[in-house]
Amino acid sequence: MKKELYFGFAIMAMILIGVAIAMPAPSEMTDGHLGLLMLSLVVVAIMLGFPTAFTLMGMGVIFTYFAYDGNIQKTLDLMVQSTYKVMTNDVLISVPLFVFMGYLVERANLIEKLFKSLHLAMARLPGALGVATLVTCAIFATATGIVGAVVTLMGLLAMPSMLKAGYDTKMAAGAITAGGCLGILIPPSVLLIVYGATAGVSVVQLYAGALFPGLMLTTMYIAYIIIRAKINPKSAPPLSEEERRVPLSPVLDSLKRTYGSSRAVSALVNGLKGRREGNLTGGQVAGQLFVAMIPAIFAAFILGLVYSSLTAPKEAEFDTSGLVSFGSGYESSGSSNYDFGLEEPAGAETTESVEAPALAEPPAEEEAVAEAESTPAPTTFWIWLMAIVAVLGYYYSRLSFERLEVFKMLLTSFFPLAILIGAVLGSIVMGLATPSEAAALGAFGGLLLAAGYRQLSFPVLRESAFLTSKTTAMVCWLFVGSSIFSAAFALLGGQELVETWVLSLGLTPIEFLLLSQVIIFLLGWPLEWTEIIVIFMPIFIPLLPYFDVDPLFFGLLVALNLQTAFLSPPVAMAAFYLKGVSPPGVTLNQIFMGMIPFMFIQIFAMFVLYVFPQIGMWLPSVLYR
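Read on for a plain summary of the structure. (Residues numbered from 1 in each chain as written. Predicted model: local features only at pLDDT ≥ 70, side-chain atom pairs only at ≥ 80, totals over all residues. Heavy atoms only, no water.)

**Some points on the side chain of Ser40**
When you line up the elements, Ser40 lands in helix α2 (residues 31-47). For Ser40, a relative accessible area of 14% translates into the label buried. (Helix = DSSP H or I, 4+ residues; strand = E, 2+ residues; numbered from the N terminus. Buried < 20%, exposed > 50% of the residue type's maximum accessible area, 1.4 Å probe, protein only.)

**Describing the packing of aromatic side chains**
Counting across every chain of the model gives 18 aromatic pairs. Centroid distance Phe407 to Phe415: 6.1 Å. Interplanar angle 65 degrees. Geometry classified as edge-to-face. Look at Phe576 and Phe592: their rings are 6.4 Å apart centre to centre, the planes differ by 85 degrees, and that puts the pair in the edge-to-face class. With Phe576 in helix α25 (residues 573-581) and Phe592 in helix α26 (residues 588-611), the pair connects residues that are 16 residues apart, well separated along the chain. (Phe/Tyr/Trp six-rings, centres within 6.5 Å; stacked < 30°, edge-to-face > 60°.)

**Topic: helix α10 (residues 190-199)**
Here α10 lies mainly inside the structure; nine of its ten residues are buried. Every buried residue of α10 is listed here: Val190, Leu191, Leu192, Ile193, Val194, Tyr195, Gly196, Ala197 and Ala199. Where α10 is buried, its residues meet α5 (94-106), α11 (203-231), α20 (458-491), α23 (529-540) and α24 (551-561). Looking one or two places after α10, you find Gly200, whose phi comes out positive at around 70 degrees. (Contact = heavy atoms within 4.5 Å.)

**Some details on the packing of α2 against helix α3 (residues 52-67)**
Put simply, α2 and α3 touch, their axes get as near as 10 Å, and they point 155 degrees apart. The orientation of α2 relative to α3 falls into the category roughly antiparallel. Here the hand of the crossing between α2 and α3 comes out right-handed. Counting all contacts with α2, which are made through Leu34, Met38, Leu41, Val42, Ala45 and Ile46, the residues of α3 involved are Thr52, Thr55, Leu56, Met59, Gly60 and Phe63. Per-class residue counts for the contact of α2 with α3 are nine nonpolar, three polar and no charged. (Axes fitted to C-alpha atoms, helices over the stretch in contact; angles between N-to-C directions. Parallel < 35°, antiparallel > 145°, perpendicular 65-115°, else oblique. Left-handed = near helix turned anticlockwise from the far one by under 90°. Nonpolar A, V, L, I, M, F, W, Y, C, P; charged D, E, K, R; others polar.)

**Some words on a nonpolar patch on the surface**
Taken together, the side chains of Phe212, Leu215, Met430, Leu432, Trp618, Val622 and Leu623 make up a nonpolar region of the molecular surface, amounting to roughly 700 Å² of accessible area. Taken together, the elements giving at least two residues each to the nonpolar patch come down to α11 and α27 (614-624). If one sorts the elements of the nonpolar patch by residue count, α27 sits on top with three residues. Within the secondary structure, Leu432 sits in the loop between α18 (401-429) and α19 (435-452). Residue Leu432 is classed as exposed on the basis of its relative accessible area of 70%. (Patch = residues over 30% accessible without salt bridge, like charges linked within 9 Å, V, L, I, M, F, W, Y side chains within 5 Å. Areas by Shrake-Rupley, 256 points an atom, 1.4 Å probe, with all protein chains shown as cover. Salt bridge = Lys/Arg side-chain N within 4 Å of Asp/Glu carboxyl O.)

**Side note on the nonpolar core**
In this structure, Trp529, Met537 and Phe554 are the most contacted members of the largest nonpolar core, which totals 165 residues. Excluding residues that lie within four positions of it along the chain, Met537 makes contacts with Tyr195, Thr198, Ile520, Ile532, Pro542, Phe554 and Val558. (Core = buried A, V, L, I, M, F, W, Y, C linked by side-chain atoms within 4.5 Å.)

**Observations regarding the pattern of salt bridges**
Evaluation of the coordinates by the stated rule reveals three salt bridges. A salt bridge links Arg228 to Asp168; its shortest N-O distance comes to 3.4 Å. Highlighted residues: Arg228 in helix α11 and Asp168 in the loop between α8 (147-164) and α9 (169-180), separated in sequence by 60 residues. The class for Asp168 is partly exposed, based on a relative accessible area of 28%. Of the charged contacts in the structure, one is a salt bridge between Glu402 and Lys256, with a shortest N-O distance of 2.6 Å. Taken together, the residues Glu402 in helix α18 and Lys256 in helix α13 (residues 250-259) connect sequence positions 146 residues apart. Owing to a relative accessible area of 25%, Glu402 belongs among the partly exposed residues under this scheme. Look at Lys256 and you get partly exposed, because its relative accessible area is 31%.

**Re the packing of α11 against α24**
Interhelical geometry of α11 versus α24 gives an angle of 40 degrees and a closest axis separation of 10 Å. When the axis of α11 is compared with that of α24, the two are oblique. With respect to the hand of their crossing, α11 and α24 are arranged in right-handed fashion. Taken together, the residues of α24 that come into contact with α11 (itself represented by Gln205, Leu206, Gly209, Ala210 and Leu217) are Leu552, Leu556 and Leu560.

**Section: the side chain of Lys408**
Within the secondary structure, Lys408 sits in helix α18. Within the structure, the side chain of Lys408 is placed 3.0 Å from the side chain of Gln288, a separation counted as a polar contact. Residues in contact with Lys408, not counting those within four places in the same chain, are Ser249, Leu252, Gln288 and Val291. (Polar contact = N/O pair within 3.5 Å; in protein donor to acceptor, adjacent residues only side chain to side chain.)

Next comes the structure, spelled out in structure tokens:
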């Protein structure tokens, strides 16, 4: 029998023994104890391999039947009401749209171009292949949100390249699995949608809050790879000259042979107005020069927008002190001969009409109108302008033909994905669209991306739609099962029993957060993140007000913590995804050992987020509060 099975059976035995010890005698058992028994049986049943959604529904219905003393009508009513409540949750509309976007982006075959261009762009960094792998995983996982797809594709693409370059097997496996899991943290993430719908937290605020923690975790991964490669170059050897060589396009190759200059911009300018070899036309040279100048054009465009907003004239201010509000001098007593059925107040004897006072004369002096004057740009803007000009000057002084070719590769692989992600996240974070509307925008962008790379066909659409329906059905059934289970757990008094026990411990907020995160970390060993969210979050969330913990901040900690659910044995799905596509010499134990350093980095990232909560809370507080 495999070690993983022994480990799983040992955990199940510990759960059952613990329940048997904690439970009172059957004659003394209350409904609350039945709720805890139901929770334990659900965990054991899921570990035995029963489908999570139907296990939750089945246990919920059975124990609800016990709670209602065998009343079938009330049991079925609760089941129908719980299901209806889930199906009317409009937050879940974004799930199929984001999943559809992910499957379309996956089938656009961008990942190979993205990985190649990134590892050439980062060739001078220590551990360049590992860094390129992590950045590719982070970008692709953000665009797709599908951990299995990212780990599988990167296992096929990056694992052989890193092993061929002499990378340590454990380090290569850890980089791929950890990078592939970033998609459940960095928005747009399905995990955040599920948590938001479960905890009643705004998905928009969760997306804004998770942005910087996700970037922080990615930076920590990259720093670990670079530091380890610097300390032990044998674990991540630098790229050879052959691997760094970039084949030039015919236009750039002709210009390089003609002018022999290492500076691409000067050669392109000379080629535009000077001699050219062969059939090279001025239009071709101008096109390459335009591509080279895109960073400068983009910087000028952004700076122009910022300058215009900073120096925009203020609206004219009018002096309204002499104006009288319309009807302010109107008195209803006798101003009209019509009777509207309202009785006059006692003592109102005057029946003569009273003339309304004349409108106040405007002041003799002309109204003061503040002229619209342009506001000068602040000094900070000019400092930023000079800094950007200096950076661009350095960039163009170092821009060789090879680097220009790498930039062109990034332009066709990295920037389309960056624009798609930026459009989706920007529209959500800036309040221009709801998550559902932004997801629809992302799905349409995925269609355009697949069409732009000539991968859009009826079989691709059919397969993407089928996989989207399958994933969406799984998520919705999980929510239905979770709703029925949570209703049964609350009906039995399990939630009240848990709250009473936790509050009796006299924990401080720090101790409560430590306890809850340790429990979630341990649950990540036998369970997946979906099961942890839908089963245990409804238990933790009602406890947060007692300890003055913001559900948004708690959700960010949980999202960081649940990275470990894909990296912790025995149900480390990322390891099994990678093992399925790895070369024959790679063992499962090597993959597990490679993931351990990244698990410690995740724990350290949680500690940093707790000590500096503004990493996650600053952006939502600025945008929405």
